[in-house]
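# Observations on the three-dimensional arrangement
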Amino acid sequence: MNENGNLASVSGFTEPLTDQLIGFRRELHRNPELSFAEHQTTERILEALRAAGLAPQKMADTGAFADIGEGPIRIALRADIDALPVVEETGLEYASMTEGVAHACGHDIHTTVMLGVALALGRVHAAGQLDGRVRVIFQPAEEKLPGGALSVIGQGLLDGVPRILALHCDPRIDAGHIGTRIGAITSASDTIRIEVNGRGGHTSRPHLTEDIVFAISQIATQVPAVLGRKVDVRSAVSVVWGQIHAGSVPNAIPATGYLAGTMRCLDGDVWYEAGELLDAAVRQIAAPYGVEIKLQHTRGVPPVVNAPAETSLIEDAARREYGADAIELTPQSMGGEDFAWMTQKVSGAMLRLGTRTPGGKTYDLHRGDYIPDESCIGVGVRIMVAAALQAVHEANAK
């Protein structure tokens, strides 16, 4: 609090951590680990927290959490710690040393930001200025559906937590800025695999076969169209195929083939409805061709829905630390995020953390050439610490 009774800037607690955090992030980046295999990553997090005098706890397998302060938990903050099976193409001196694995989604940034939040809050507590408890969660396996967030919930780490915040790198937004919005900020995301079987034969006599290639082509084009007319178009149901395979020679109709892809949706209720319609649509489209259908529909994650109060908490913190111009209205993303499971249990919000160097290249996520501007780390730490302190202040004022 400053002399006027308002919350003061937290920069004095966060800025001294800058060099340490950049070094920590680069070490994580060199040593990425896949979902539920983040053993070294977890140990590095635990070591850094313990070295600062905090008392973190390891989760059941990988992942960790730390409580800073005393009394009731006023808010939790979450980072995801896993990497992707992507070949790094950045050419950086601290590029991944693990073949075929890279932090191509920025989870090393997320982890580093939340480490900085925990360290800064430890300093705030040591200064006698943290009148409540904040939980910082380092979650494994966001990239493995249905997501490591369910493990966090299953271990009771959200029990007694009244609200929760998270962030995600956004290479379309300049470093120094954040993106927010109330409501769905990400999409529901499922995977679909449809195997089609039938009697094959010569392409000169398709009438004597069950032409699975033609059946697959009809499923591929008609399923998105049918769902687009059976559900509210405002929910933005999107079925996109990433794999189609059948046959090996041009003059033979094969006996088996498959197509696979994702179904995404911006509305949680419509997500369930579309899932129920999918099976019937596939079978009705395939029925005239006499083929056998085996549908594997794997439910992924619901949308992350930002609550108004927690979105305001983020925006107030960003406004106080960086000014109103640092906040942008972010569009809804069709990407999936397992933080959605947490926001179904606890009121929460996710911000988009700008990682583009101003005037620099715009990258995309899940690509091996993604290079975030490391100045975003300090921005994320400062906003999240400010938001956490505001949450504590608001809870104590009730």
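The coordinates are above.
These remarks concern the structure in this document. (Residues numbered from 1 in each chain as written. Predicted model: local features only at pLDDT ≥ 70, side-chain atom pairs only at ≥ 80, totals over all residues. Heavy atoms only, no water.)

So, on to the overall build of the protein. Counting its regular elements, the protein contains 10 helices and 16 strands. A principal-axis box enclosing the C-alpha atoms of the protein has dimensions of 85 × 45 × 45 Å. In the protein, which comprises 398 residues, the share counted as buried stands at 52%. In the protein, the share of contacts with a sequence separation of at least 24, taken over all contacts with a separation of at least 6, comes to 82%. Accessible surface for the protein amounts to roughly 16,600 Å². Of this, 50% is attributable to carbon and sulfur atoms. Between the averaged position of the 34 positive side-chain charges in the protein and that of its 48 negative side-chain charges there is a distance of 4 Å. (Helix = DSSP H or I, 4+ residues; strand = E, 2+ residues; numbered from the N terminus. Buried < 20%, exposed > 50% of the residue type's maximum accessible area, 1.4 Å probe, protein only. Contact = heavy atoms within 4.5 Å. Areas by Shrake-Rupley, 256 points an atom, 1.4 Å probe, with all protein chains shown as cover. Lys, Arg positive; Asp, Glu negative; His and termini not counted. Charge placed at Lys NZ, Arg CZ, Asp CG, Glu CD.)

Together, Asp267, Asp269, Glu273 and Glu276 make up a region of like negative charge exposed at the surface. Looking at the element boundaries, Glu276 is found in helix H7 (residues 268–286). When its relative accessible area of 65% is taken as the criterion, Glu276 is described as exposed. (Patch = residues over 30% accessible without salt bridge, like charges linked within 9 Å, V, L, I, M, F, W, Y side chains within 5 Å. Salt bridge = Lys/Arg side-chain N within 4 Å of Asp/Glu carboxyl O.)

Let's shift gears to the side chain of His107. Structurally, His107 can be placed in helix H4 (residues 107–126). According to the relative accessible area criterion, His107 is buried, its value standing at 1%. At 2.8 Å, the side chain of His107 forms a polar contact with the backbone oxygen of Asp82. Reaching out from His107, the side chain makes a polar contact with the side chain of Glu143 at a distance of 3.4 Å. Those residues in contact with His107 that lie beyond four places of it in its chain are Asp80, Ile81, Asp82, Glu142, Glu143 and His168. (Polar contact = N/O pair within 3.5 Å; in protein donor to acceptor, adjacent residues only side chain to side chain.)

Our next topic: the sheet that holds strand E12 (residues 256–265). Pairing in this open sheet of four strands is antiparallel, and the strands run E10-E12-E8-E13 from one edge to the other. Each edge of the open sheet carries a strand with a single partner, namely strand E10 (238–246) and strand E13 (292–301). The mean angle between the axes of side-by-side strands here comes to 15°, regardless of whether they run parallel or antiparallel. With respect to the sheet, helix H6 (residues 212–230) is in contact with strand E8 (188–197), E10, E12 and E13, its orientation differing from that of E10 by roughly 175°. (Pairing = 2+ DSSP bridges. Axes fitted to C-alpha atoms, helices over the stretch in contact; angles between N-to-C directions.)

On to the environment of Ala95, then. Secondary-structure assignment places Ala95 in the loop between strand E3 (73–80) and H4. Between the alpha carbons of Ala95 and Gln344 there is a distance of 36 Å; along the sequence they are 249 residues apart. Not counting residues within four places of it along the chain, the set of residues in contact with Ala95 comprises His29, Arg30, Glu88 and Thr90.

The next subject is the nonpolar core. Grouped together as the largest cluster of nonpolar side chains are 57 residues, with contacts concentrated most on Leu77 and Val117. Counting residues per element, this core draws most heavily on helix H10 (residues 375–397), at 13 residues. If sequence neighbours within four positions are ignored, Val117 has contacts with Leu77, Val136, Val381, Met384 and Val385. Core analysis: the second largest hydrophobic core is formed by 47 residues, Ile219, Val223, Ala340 and Val346 among them. (Core = buried A, V, L, I, M, F, W, Y, C linked by side-chain atoms within 4.5 Å.)

Helix length check: H7, at 19 residues, gives a terminal C-alpha distance of 28 Å against a target of 27 Å (1.5 Å per residue), a fit within 8%. Roughly 30° is the biggest bend found in H7, and it falls at Leu277. The set of residues buried in H7 consists of Val270, Trp271, Ala274, Gly275, Leu278, Ala281, Val282, Ile285 and Ala286. Buried-residue contacts for H7 involve E8, H6, E12, E13 and helix H9 (339–345). (Expected span 1.5 Å × (residues − 1). Bend = angle between axes of the 7 residues up to and from the residue.)

All right, on to the packing of helix H2 (residues 18–30) against helix H3 (residues 39–51) then. The packing of two helices is summarised by the inter-axis angle and the distance between the axes. For the pair H2 and H3, interaxial distance at closest approach is 11 Å and the crossing angle is 165°. Relative to H3, the element H2 is oriented roughly antiparallel. The crossing of H2 and H3 is right-handed. Here Phe24, Glu27 and Leu28 of H2 lie close against H3, whose contacting residues are Thr41, Arg44, Ile45 and Ala48. Here the contact of H2 with H3 is built from residues that sort into four nonpolar, one polar and two charged. (Parallel < 35°, antiparallel > 145°, perpendicular 65-115°, else oblique. Left-handed = near helix turned anticlockwise from the far one by under 90°. Nonpolar A, V, L, I, M, F, W, Y, C, P; charged D, E, K, R; others polar.)

Summed over all chains, the structure comprises three aromatic pairs. Their ring planes at 70° and their centres at 5.6 Å tell us that Phe214 and Tyr289 sit as a pair that is edge-to-face. Taken together, the residues span a long stretch of sequence, with Phe214 in helix H6 and Tyr289 in the loop between H7 and E13 at a distance of 75 residues. For Phe214, a relative accessible area of 41% corresponds to the partly exposed category. Note on Tyr363 and Tyr370: the rings are 6.2 Å apart at their centroids and 65° apart in plane angle, and the pair reads as edge-to-face. On the basis of relative accessible area, Tyr363 is assigned to the buried category, the value being 17%. Positioned above the aromatic ring of Tyr258 is the side chain of Arg193, whose terminal nitrogen or guanidinium carbon lies 4.1 Å from the ring centre. Positioned over the ring face of Tyr322 is Arg382, at 4.6 Å from the centre of the ring. (Phe/Tyr/Trp six-rings, centres within 6.5 Å; stacked < 30°, edge-to-face > 60°. Lys NZ or Arg CZ within 6 Å of the ring centre and 35° of its normal.)

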